[in-house]
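Here is how the chains run, residue by residue.
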Amino acid sequence: MGLWAVFFTNFLSIGNQVLVLFILIGIGFLCGKKNIINDVAAKKMTDIVLYIVTPCVMISAFQKEFSPEMLVNVLIAAAVAAVIFTASILIVKLVFHQKDINRKKVLQFAVVFSNCGFMSLPLQKELLGDDGWFYGSIFVAVFNIVVWTYGLVDMSGDKKQLSIKKLAFNPGIVGAVTAVLLFVFRIHLPEIISQPINLLANLNTPVPMLIIGYYLSTAKLKNAFTDLSAYVAMALRLAVIPLAVTFATAPLGLDKTMVIAFVIACSAPTAATTTMFSAKFDRDVELSVSIVAASTLLSIVTMPLVVSLAWTVIF
């Protein structure tokens, strides 16, 4: 089979999985338009995902047989994820120099932080199985550490916002630490506990998609599609960074499943956290909503293209 045939086959397979996610997003969009989901309901659903579903995803993904080799893989994956975030931060510092500090902070944040939990984990599991979910969960754990340290300080402009208490009680970090401890100490949860955790973890596909669909139903996309800086931010977020990850990691001999999982995480649209932090710290909220919504819509095309290209290159 020729290279283009392989690429096209991968594109159809990955595009099909992305389309499934967007059907769920479309249902959320309709629920928003029909007022079945409103702002209060969306916030409560978000809380359920953040405080319950995300920790369950972490714990479920790490319920694997411990081995020294697996621990090494975890450490390598965490290090690679940290390098990706560091490189992304350096890129946005070089690219964005807007005089309006509120716009600049939103644009930089929108590029560095992808929707790697809501959009990526379901796709990683469908395409790569439990191993993809496992590596995706490691990426999300690093995301949570970076967003609640660098992201918090950069968006707020105040180092005093950084607090051990906020880190210690962040649900994503609590879930990650719990999952790693269970893994390292070889603690396998009994079925009476693991089954509810797995069922809750399975909510990570439909519920976040409904939430994204709701916010799309309320978003004004005009700003993102008439703003050159927003186009640059979305191009970096959806194409440049994931492709850079693909071609930078391909020659290194890293685990192929890990690399594809990380490319999926990096190809996801801008994180909804961008808007939450923008609102909290009085940045350009309208711009943040526009970029989150527009990048989500564009990702229905860019994610299959980028991931299928990465799949062809890596495998």
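Residues numbered from 1 in each chain as written. Predicted model: local features only at pLDDT ≥ 70, side-chain atom pairs only at ≥ 80, totals over all residues. Heavy atoms only, no water.

Asker: What is the right way to read the side chain of Ser 295 from this model?
Answerer: Looking at the secondary structure, you find Ser 295 in helix H14 (residues 285–314). Of the residues examined, Ser 295 reaches a relative accessible area of 0% and is grouped as buried. A polar contact of 3.2 Å, which involves the side chain of Ser 295, links it to the backbone oxygen of Val 292. Setting aside residues up to four positions removed in sequence, Ser 295 forms contacts with Met 234, Leu 238, Pro 269 and Thr 270. (Helix = DSSP H or I, 4+ residues; strand = E, 2+ residues; numbered from the N terminus. Buried < 20%, exposed > 50% of the residue type's maximum accessible area, 1.4 Å probe, protein only. Polar contact = N/O pair within 3.5 Å; in protein donor to acceptor, adjacent residues only side chain to side chain. Contact = heavy atoms within 4.5 Å.)

Asker: How should I be thinking about the packing of helix H2 (residues 39–61) against helix H5 (residues 116–156) in this particular structure?
Answerer: Helix packing for two helices is described by the angle between their axes and how far apart those axes are. Relative orientation of the contacting elements H2 and H5 amounts to 115°, with a least axis distance of 10 Å. Classed by the angle they form, the pair H2 and H5 counts as roughly perpendicular. Note on packing geometry: the crossing formed by H2 with H5 is left-handed. Along the contact surface, H2 presents Val 49, Val 57, Met 58, Ser 60 and Ala 61, while H5 presents Phe 118, Leu 121, Trp 133, Phe 134, Ser 137, Val 140, Ala 141 and Asn 144. For the contact of H2 with H5, the residue count by class is 10 nonpolar, three polar and no charged. (Axes fitted to C-alpha atoms, helices over the stretch in contact; angles between N-to-C directions. Parallel < 35°, antiparallel > 145°, perpendicular 65-115°, else oblique. Left-handed = near helix turned anticlockwise from the far one by under 90°. Nonpolar A, V, L, I, M, F, W, Y, C, P; charged D, E, K, R; others polar.)

Asker: Honestly, the packing of aromatic side chains in this entry has me stumped. Any pointers?
Answerer: Any aromatic ring pair is given by two values, namely how distant the centres are and how the planes are angled relative to each other. In this structure the tally under the stated criterion is 18 aromatic pairs. On the numbers, 5.4 Å between centres and 50° between planes, the contact of Phe 109 with Phe 277 is tilted. Of this pair, Phe 109 sits in helix H4 (residues 101–112) while Phe 277 is found in helix H13 (residues 273–280), placing the two residues 168 residues apart along the sequence. Neither residue differs from the other here; Phe 109 and Phe 277 are each classed as buried. Ring centres of Tyr 214 and Tyr 215 lie 5.1 Å apart, and the angle between their planes is 65°; on these two criteria the pair is classed as edge-to-face. Accessibility expressed as a relative area gives 7% for Tyr 214, which makes it buried. Given the relative accessible area of 34%, Tyr 215 is considered partly exposed. Grouping aromatic residues by their ring pairs yields a cluster made of Phe 85, Phe 109, Phe 113, Phe 139, Phe 143, Trp 148, Phe 262, Phe 277 and Phe 281. Above the plane of the ring of Phe 134 lies Lys 64, whose end atom (NZ or CZ) is 5.3 Å from the centre. Directly above the ring of Trp 133 sits Lys 125, whose terminal nitrogen or CZ lies 3.7 Å from the centroid. (Phe/Tyr/Trp six-rings, centres within 6.5 Å; stacked < 30°, edge-to-face > 60°. Lys NZ or Arg CZ within 6 Å of the ring centre and 35° of its normal.)

So far we have only geometry, and geometry alone does not tell us how the molecule works.
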